[in-house]
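A structural walkthrough
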Amino acid sequence: MRFITILAVLLVAGLANFAVWSLPNQPVPLDPPPGGKLKSVSFAPFRDGQSPLTQKFPSTEQIDEDLAALAPQVAGVRTYTSLEGLEVVPELARRHGMQVTMGAWLSSRLDKNEKEVASLIDLANRYPDVITRVIVGNEVLLRRELTPEQVAGYIDRVKAAVKQPVSYADVWEWWLKYPQIADHVDYLTIHLLPYWEDVPTDVAGAMERIRGSYRTIAQRFPGKPILVGETGWPTEGRSRGAAVTGLVNKAKFVNGFVRLAEQEGFDYNVIEAFDQGWKAKLEGTVGGHWGLYTADRQAKFALAGPVVENRQWRLLFGVSSGLALALVIGLTLRGRPLTAGAFAALAFLAQALSTLYVHAVWGALHGKHYPQDVALSVVMLAATGVLSMAVLLAARRALGSGGLALEPLAPLRGRPALSRLETVGKAAAVVLALLGIVWSFLIVFDGRYRDFPNWYFALPALGLLALGAMRATRRPEGTGALAAWGIGGLFRPAVPVADSLVADLPAKGLCGAVRRLPLETALAVLLLLGALLTVLAEGVVPMESLIYGQLPFLEALHEVVWTSPNWEALSWAGLQLLLAVPYAAAVLAARRGEAARAGYQWVRIAGQ
């Protein structure tokens, strides 16, 4: 193989990798929004390692730093508690020329509620020039922790003790469910979060959805002032229906909402100032990534644009290209010389697996960071890394050989392994298939806060299929391609075929193949079932939202935009189908009962 051929192949593979990283990360221009500063943002100053769940709170100095960072961009902040160290917010906000919407957190803990209400009243009376309004309770009716009568009681107590306007905050539909609360407040605080709607919408349709919801509340409660207390878009986490998380989508949402608020005269508060990693414990990856700033206080984007989805894409391109190059060099120097076509196939496979692996690592670094989540990420990255190496080594062996041998069909555990490569490769493939099945059923039956594992499983899906395709090109003449794709022989130097002359093989037919290959059958069926259930449960809109949401089922179905599916969910279903191919191919090849042809070499193993 000529040196110029090697360079040409590497150059094309590198350019393809460059396109994979660069095309989704082109700068997206945004026009400057009107009004300059944002009116208000939700302010929870917790940093990594701090959380109200663990009672580790930010210091006064940290809160002051955060307000100083926000002051040039934001006119005011909203707090959700009047305790937990946030008692200093009004005084610090005064220094930075900011106004405060002070909140009291209500829950089922009545003793804590008393402290919250007392602190809110005290702060409102001490800082009337800074605290311009107060909110008593946040989504406590949605969480079903208090009754409407209890909430109204707390509101009335605060109204009697402060001069500022008093409100209660909840998702907009819950004001329709409990309209009696409106009689106790001075203004309504509604949460408009298209991502969390029972029928989610994409960014393009979010403004119209917000406009419609706002007008519904305004018509139901004429004359009552309305504050949009929460609106925003997450930058990480799973898709819900047509709602896709992402940095560009968040920038488009905030930019569009500010324009809508200017047109409609909305008073508003954007959620939220900083990413709050501790919320991932309650709401998955998506819960910790609603901030305008990252947890380490870096601005995610400028409201005037341009916005790039992943500003580190050049680094990731370099890492994935370097990894692929190292693999190609190492594999090329191993074994027999390769033809130009075989070298190109190996180079592109190495590049594809490297790119997918770097994507998976990047996703793991930006997901949830609780111990169980870190452990799962380590297991997934280890399993996919091991399988990648096994696939590349097996592909190198197949491409470097003149052709594969024949051997009698046997189940996954039906014969001794010929090499450590075979043992490790099959074990990693089966482990990932089992993990995929478990993950799939968890998403189907308890998926609201679970991420789709697409980047993890794209690697085994592509790798095993590519290995099967390469083996199919080296199979003995006259044998079917299915046998080359079967999981039992993927990491062996031979194609397993069913030979009627071998006494211990079952009769031909699907039932016989299933009896002969029970593990392959079970894995194939469960992966196919998982794919089907994924489409039904998540393919267009989260089924749990339709069943347990606020809208009647048929009315919710009427709102679904069937032409805007959840592409992430459908991709996950597709990956499960691809993962099932090696297992289904083994069963179908056994069903066909292809006879081994005379004159071909059989692999011989001691004891067989």
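Residues numbered from 1 in each chain as written. Predicted model: local features only at pLDDT ≥ 70, side-chain atom pairs only at ≥ 80, totals over all residues. Heavy atoms only, no water.

**Regarding the overall build of the chain**
Looking only at helices and strands, the chain has 20 helices and 10 strands in total. Taken over the C-alpha atoms alone, the chain extends approximately 95 × 50 × 40 Å along its principal axes. Per-residue burial for the chain yields a buried fraction of 54% across its 608 residues. As presented, the chain carries roughly 26,100 Å² of accessible surface, and 62% of it is formed by carbon and sulfur atoms. A gap of 11 Å separates the mean positions of the 57 positive and 51 negative side-chain charges of the chain. (Helix = DSSP H or I, 4+ residues; strand = E, 2+ residues; numbered from the N terminus. Buried < 20%, exposed > 50% of the residue type's maximum accessible area, 1.4 Å probe, protein only. Areas by Shrake-Rupley, 256 points an atom, 1.4 Å probe, with all protein chains shown as cover. Lys, Arg positive; Asp, Glu negative; His and termini not counted. Charge placed at Lys NZ, Arg CZ, Asp CG, Glu CD.)

**Examining the UniProt feature "transmembrane region" (unreviewed entry) in the chain**
Look at the UniProt record and you will see "transmembrane region" (unreviewed entry) annotated at residues 313-333, 340-362, 374-395, 423-443, 455-472, 523-549 and 569-590. Its end C-alpha atoms 31 Å apart, residues 374-395 is made of 100% helix and 0% strand. Secondary structure content for residues 423-443 is 100% helix and 0% strand, while the C-alpha to C-alpha distance between its ends is 30 Å. (UniProt positions renumbered as here; feature names shortened; annotations may be inferred.)

**Remarks on the side chain of H359**
Along the chain, the position of H359 falls in helix α11 (residues 340-365). Residue classification places H359 among the buried residues on the basis of a relative accessible area of 16%.

**Looking at helix α1 (residues 3-22)**
Spanning 20 residues, α1 covers 28 Å between terminal C-alpha atoms, matching the ideal 28 Å at 1.5 Å per step. Residues of α1 that are buried include every one of V9, A13, G14, N17, W21 and S22, and no others. On its buried face, α1 sits against α10 (313-332) and α11. (Expected span 1.5 Å × (residues − 1). Contact = heavy atoms within 4.5 Å.)

**Remarks on the domain arrangement of the chain**
How big an interface is tends to be stated in terms of accessible area lost as the parts join. You can read the domains of the chain as domain 1 (30-307) and domain 2 (412-495 + 509-545 + 561-606). For domain 1 and domain 2, the distance between their C-alpha centroids amounts to 46 Å. Taken together, the contact between domain 1 and domain 2 spans 14 residues of the former and 16 residues of the latter. Inspection of the domain 1/domain 2 interface yields 2 salt bridges. The residue E544 makes a salt bridge to R240 at a minimum N-O spacing of 3.8 Å. Where domain 1 meets domain 2, there are 6 residue pairs in polar contact (both at pLDDT 80 or more). Classifying every residue of the side of domain 1 that touches domain 2 gives 5 nonpolar, 5 polar and 4 charged. (Domains from an automatic or database assignment. Salt bridge = Lys/Arg side-chain N within 4 Å of Asp/Glu carboxyl O. Polar contact = N/O pair within 3.5 Å; in protein donor to acceptor, adjacent residues only side chain to side chain. Nonpolar A, V, L, I, M, F, W, Y, C, P; charged D, E, K, R; others polar.)

**Considerations on the nonpolar core**
Residues L70, W175 and I181 are the most contacted members of the largest nonpolar core, which totals 88 residues. Ranked by residues supplied to this core, first place goes to helix α8 (residues 247-264) with 9 residues. In this view, I181 contacts L141, P148, V151, A152, I155, Y168 and W175; residues no more than four positions away in its chain are not counted. Grouped together as the second largest cluster of nonpolar side chains are 64 residues, A350, A394, A466 and L490 included. (Core = buried A, V, L, I, M, F, W, Y, C linked by side-chain atoms within 4.5 Å.)

**Digging into the sheet that holds strand β2 (residues 76-78)**
With respect to topology, 8 strands assemble into an open sheet ordered β1-β2-β3-β4-β5-β6-β7-β8, the strand pairing being parallel. Of all strands in the sheet, those with a lone pairing partner are β1 (41-42) and β8 (267-268), marking the two edges. Sheet analysis places β1 next to β2, joined by 2 bridges and oriented parallel. Paired with S42 across the bridge in β2 is R78. Contacts from helix α7 (residues 203-220) reach β6 (188-191) and β7 (226-230), with the element oriented near 140° to β7. (Pairing = 2+ DSSP bridges. Axes fitted to C-alpha atoms, helices over the stretch in contact; angles between N-to-C directions.)

**Some thoughts on the environment of Q180**
With respect to the element layout, Q180 can be found in the loop between α6 (172-177) and β6. For the pair Q180 and K224, spaced 44 residues apart in sequence, the C-alpha to C-alpha distance is 13 Å.

**Structural notes on the packing of aromatic side chains**
Think of a pair of aromatic rings as described by two things: how far the centres are apart, and how the planes are tilted against each other in angle. Across all of its chains, the model carries 21 aromatic pairs by this definition. Between Y195 and W196, the aromatic rings sit 4.9 Å apart at their centres with planes inclined by 80°, giving edge-to-face as the arrangement. Aromatic pair W196 and Y449: ring centres 5.8 Å apart, planes at 75°, arrangement edge-to-face. Here W196, found in the loop between β6 and α7, pairs with Y449, found in the loop between α13 (420-446) and α14 (454-473); they are 253 residues apart in sequence, far enough to count as distant. Judged by relative accessible area, W196 falls into the buried class, the value being 17%. Ring pairing ties together the aromatic residues Y195, W196, Y214, W233, F253, F257, F266, Y268, W290 and Y449, which thus form one cluster. (Phe/Tyr/Trp six-rings, centres within 6.5 Å; stacked < 30°, edge-to-face > 60°.)

**Some remarks on the pattern of salt bridges**
Evaluation of the coordinates by the stated rule reveals 24 salt bridges. In this structure, E422 engages R492 in a salt bridge whose closest nitrogen and oxygen atoms are separated by 2.8 Å. On the criterion of sequence distance, the pair formed by E422 in helix α13 and R492 in the loop between α15 (481-485) and β10 (494-497) is long-range, its members being 70 residues apart. Residue R492 is classed as buried on the basis of its relative accessible area, which comes to 1%.

**Topic: the environment of V158**
Within the secondary structure layout, V158 lies in helix α5 (residues 148-161). Classification of V158 as buried rests on a relative accessible area of 0%. Separated by 41 residues in sequence, V158 and V117 have C-alpha atoms that sit 7.1 Å apart. When sequence neighbours within four positions are dropped, the list of residues in contact with V158 reads V117, L120, I121, V134, V136 and V166.

**Considerations on the packing of α1 against α11**
Interhelical geometry of α1 versus α11 gives an angle of 30° and a closest axis separation of 10 Å. The pairing of α1 with α11 is recorded here as roughly parallel in orientation. Seen along the crossing, α1 lies across α11 with a hand that is right-handed. For the pair α1 and α11, contact is made by T5, I6, V9, L10, V12, A13, A16, N17, V20 and W21 and by A340, F343, A344, A347, F348, Q351, T355, V358 and H359, respectively. Tallied by class, residues from the contact of α1 with α11 come to 14 nonpolar, 5 polar and no charged. (Parallel < 35°, antiparallel > 145°, perpendicular 65-115°, else oblique. Left-handed = near helix turned anticlockwise from the far one by under 90°.)

**Things to note about the packing of α11 against α14**
The interhelical angle for the contact between α11 and α14, taken along N-to-C directions, is 165°, at an axis separation of 8 Å. Considering their axes alone, α11 and α14 lie roughly antiparallel with respect to each other. Of the two possible hands of crossing, α11 and α14 adopt the one that is left-handed. Contact residues: A345, L346, L349, A352, L353, L356, Y357, H359, A360 and A364 in α11; W455, Y456, A458, L459, L462, G463, A466 and M470 in α14. Among the residues making up the contact of α11 with α14, the classes are represented as 16 nonpolar, 2 polar and no charged.

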